[in-house]
Structures are given as structure tokens and as C-alpha cells.
Amino acid sequence: PAVMLQGEIDHYNRIGGQWRIVVKNATIRLRTVVESDNGLDGISKRYRHVLDWRGDACNQTFSKFGLNNSDDEKIIGKIQILA
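Because the structure is a prediction, the values reported are computed rather than measured. (Residues numbered from 1 in each chain as written. Predicted model: local features only at pLDDT ≥ 70, side-chain atom pairs only at ≥ 80, totals over all residues. Heavy atoms only, no water.)

Asks: Even after reading the chapter, I still don't get the pairing of strand β5 (residues 73-82), so can you show me in this structure?
Replies: Regular strands have side chains that alternate between both faces of the sheet. In terms of burial, β5 is a largely surface element, 0 of the 10 residues being buried. The pairing of strand β2 (residues 18-30) with β5 spans 8 bridges and is antiparallel. Within β5, the position partnered with T27 by the bridge is K74. (Buried < 20%, exposed > 50% of the residue type's maximum accessible area, 1.4 Å probe, protein only. Helix = DSSP H or I, 4+ residues; strand = E, 2+ residues; numbered from the N terminus. Pairing = 2+ DSSP bridges.)

In C-alpha cells, the structure reads:
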């Protein structure tokens, strides 16, 4: 996912074949993917993709969308998610 939603689940129920989740006081964080290596040299060197929530790459992504990484986007009240 491009963002992480974190909050308190107020209640949930099933509508048809989908879940309806009501979340209170949610916080949204953007996610970026950073390439990291294992620190070895030569043929043993391997790269992997790591999720980064607070690093420099995440700061660049936040500023591209006009957001400040130090302040997560807070949603006061309730939101409904249909999944």
C-alpha cells in the first residue's frame, strides 16, 4: 500500500460479501521503498527492498506531495472503510 492507516476501530460488520470498518481518530502515513544492500562486496552483494516510514527517501516523497513528514496527517472523527 502507498499509505498506512492507523487508528482505533470503533466497530465493524459485514455487508454482503464485504467488510465495513469504522475507524476513529485515524492517522495516515506515506510509505516509500528504499533499496538496501547486505554490506558485502563482489559476487556476494545482494540488494533488497525495504519499507521506509521515516527516512530521507520518505522526506522527499512527503515534500513532493506538499506534506510534512514530521506531522502525520490526522483525521479527527470517524471514517468508514469498505473492503
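Asks: Where do I start with the side chain of T27 in this structure?
Replies: Within the fold, T27 resides in strand β2. Judged by its relative accessible area of 15%, T27 falls in the buried class. Other than its neighbours up to four places away in sequence, T27 contacts M4, L5, Q6, D72, E73 and K74. (Contact = heavy atoms within 4.5 Å.)

Asks: Quick question: what am I supposed to make of the environment of I28 here?
Replies: Assignment of secondary structure puts I28 in strand β2. Among the residues examined, I28 registers a relative accessible area of 27% and is labelled partly exposed. Separated by 25 residues in the primary sequence, I28 and V3 place their C-alpha atoms 6.5 Å from one another.

Purely geometric numbers; function is a separate question.
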